[in-house]
Amino acid sequence: MDAIVVEGLEKTYPKGIRALDGVSFRVREGEVFGLLGPNGAGKSTTVRVLATLTAPDAGSATVAGHDVFREPDAVRGVIGYVAQQSGHDREATGRENLALQGHVHGLRGAPLRRRVDELLDRLGIADAGDRIVRTYSGGMRRRLDIGLGLVHEPSVLFLDEPTTGLDPEARASMWDELERLAREESLTVLLTTHYLEEADQLADRLAIVSQGKVVVEGTPEGLKRQLRGDAVTIELADGRAEDAEAAIRALRGVHEASVEDQLLRARVENGGTAVPGILSALEGRGIGVTSVTMSRPSLDDVYLHVTGRDFRTEDQASADE
Ligand SMILES: Nc1ncnc2c1ncn2[C@@H]1O[C@H](COP(=O)(O)OP(=O)(O)OP(=O)(O)O)[C@@H](O)[C@H]1O
Ligand SMILES: [Mg+2]
């Protein structure tokens, strides 16, 4: 059975902002599923709809077999939701935060104490359980937030950007812990992220969301495998991007080429043999090159391939708005 089924969700905010433009995807039971997309793609809105916190204009969704719109109470009983902004009390201890959340869910006495101890342990913050949260590191606080979403033993956990704002090291250790937690708590996890590496590492399957739509869905490996060949990125010294693109398109072994600003990107059969040919074609036309890089297909490339836009540029551009 699919733990989450989402079909054709649409939502337009006041002032005509189209946050969801027909979002559909399915998450299998026990899976860690990633919604990957740049800022403003509609990730949080999707998760908020599934967590019954906001209503869409159209579409349908079920979580653990319950209809999100007709049975919101049943849905709330089986889900945990960890918002993009943290929900803990900084002036209380970790243990107090978890216990309070347990109370909200009707837990009391020894079962509550056991559950709080178990979570502190599973989240790797047992030693800090009796410290005021204000003294926690960013990674410890985020772990506590996740604990707050798990107190009542949900079967489906929504994590909205679990590692945003953490340094790379804290992020990597969080990935390990989330994987383990999903297993130990028999969870289906839907997480959102705008870190390509995070989706790649953590998600069994993922959907790439862009401008309110799912543009592609699959396993990280499968999505990358669909892109044949290596990516070559060439930084041009002095413009003439169109000339450069035309020159490269004409070469054998080049599947695609595109330019954006001073960057020329090509997908080639074999990077090692294609690069010398590309460089001499550019040199022959007097087009200067600042740098050349070559890489195996990544999720950046998948995004570029399906949307025609650069993920990092788009992520930054909307974050600056
Ligand atoms: N309460 C709101 N009122 C008006 N517009 C909103 C509201 N919430 C979100 N939006 C807009 O809807 C669009 C989708 O927002 P959403 O928060 O779902 O994106 P996101 O993918 O979670 O982005 P981020 O990575 O920045 O968290 C954006 O254009 C956003 O500005
Ligand atoms: Mg968001």
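Located above this text is the structure these notes cover.
Please read all numbers here as calculations on a predicted model, not as lab measurements.

**Student:** Hey, could you go over the site of ligand 1 for me, with residue numbers and the actual values?
**Tutor:** As a structural note, the neighbourhood of ligand 1 is formed by 13 residues, with Gly 40, Gly 42, Lys 43, Ser 44 and Thr 45 the closest of them. Contact distances for ligand 1 include 2.7 Å between an oxygen atom and a side-chain N or O atom of Lys 43. Thr 45 is positioned such that a nitrogen or oxygen atom in its side chain is 2.5 Å from an oxygen atom of ligand 1. For ligand 1, whose free accessible area comes to 640 Å², the fraction covered by protein is 64%.

**Student:** Pulling in residues and values, what's your account of the packing of aromatic side chains?
**Tutor:** For the structure shown, the criterion picks out two aromatic pairs. Judged by centre distance (5.3 Å) and plane angle (10 degrees), the rings of Phe 25 and Phe 33 are stacked. Considering the side-chain rings of Tyr 303 and Phe 311, the 4.9 Å spacing of their centres and the 85 degrees angle between planes classify their relative orientation as edge-to-face. Of the two residues, Tyr 303 and Phe 311, neither departs from the other in class, the shared state being buried. Against the face of Tyr 195 rests Arg 171, its NZ or CZ located 3.6 Å from the ring centre.

**Student:** So what's going on with the environment of Ser 86? Which residues, and what values?
**Tutor:** Mapped onto the secondary structure, Ser 86 falls in the loop between strand E6 (79-82) and helix H3 (94-104). Owing to a relative accessible area of 42%, Ser 86 belongs among the partly exposed residues under this scheme. A C-alpha to C-alpha distance of 49 Å links Ser 86 and Gly 253, two positions 167 residues apart in sequence. Residues in contact with Ser 86, not counting those within four places in the same chain, are Arg 142 and Asp 145.

**Student:** Please provide a residue-by-residue account of the coordination of the magnesium ion (ligand 2), values included.
**Tutor:** Coordination of the magnesium ion (ligand 2) by the protein is provided by Ser 44 (OG) and Gln 84 (OE1), with metal-donor distances spanning 2.0 to 2.3 Å. Remark: Gln 84 occurs in the loop between E6 and H3 and Ser 44 occurs in helix H1 (residues 43-50); sequence separation between them is 40 residues. Accessibility expressed as a relative area gives 36% for Gln 84, which makes it partly exposed.

**Student:** I'd like a description of the packing of H3 against helix H5 (residues 138-150), backed by residues and values.
**Tutor:** At a minimum axis separation of 9 Å, H3 and H5 run at an interaxial angle of 20 degrees. Here H3 is positioned roughly parallel relative to H5, judged by the angle of their axes. Crossing of H3 against H5: the hand is right-handed. Counted together, Gly 94, Asn 97, Leu 98 and Gln 101 of H3 and Leu 144, Gly 147 and Leu 148 of H5 form the full contact between these two elements. By residue class, the composition of the contact of H3 with H5 is three nonpolar, four polar and no charged.

**Student:** I'd love a proper account of the environment of Gln 226, names of residues and values included.
**Tutor:** Residue placement: Gln 226 occurs in helix H8 (residues 220-226). Residue Gln 226 is classed as exposed on the basis of its relative accessible area of 62%. Distance from Gln 226 to Glu 269, taken between C-alpha atoms, is 13 Å for residues 43 residues apart in sequence.

Scoring rules and cut-offs
- Residues numbered from 1 in each chain as written.
- Chains lettered and ligands numbered in written order.
- Predicted model: local features only at pLDDT ≥ 70, side-chain atom pairs only at ≥ 80, totals over all residues.
- Heavy atoms only, no water.
- Near = heavy atom within 4 Å.
- Polar contact = N/O pair within 3.5 Å; in protein donor to acceptor, adjacent residues only side chain to side chain.
- Areas by Shrake-Rupley, 256 points an atom, 1.4 Å probe, with all protein chains shown as cover.
- Phe/Tyr/Trp six-rings, centres within 6.5 Å; stacked < 30°, edge-to-face > 60°.
- Buried < 20%, exposed > 50% of the residue type's maximum accessible area, 1.4 Å probe, protein only.
- Lys NZ or Arg CZ within 6 Å of the ring centre and 35° of its normal.
- Helix = DSSP H or I, 4+ residues; strand = E, 2+ residues; numbered from the N terminus.
- Contact = heavy atoms within 4.5 Å.
- Donors = N, O, S within 2.8 Å, 3.2 Å for Na, K, Ca; no water.
- Axes fitted to C-alpha atoms, helices over the stretch in contact; angles between N-to-C directions.
- Parallel < 35°, antiparallel > 145°, perpendicular 65-115°, else oblique.
- Left-handed = near helix turned anticlockwise from the far one by under 90°.
- Nonpolar A, V, L, I, M, F, W, Y, C, P; charged D, E, K, R; others polar.

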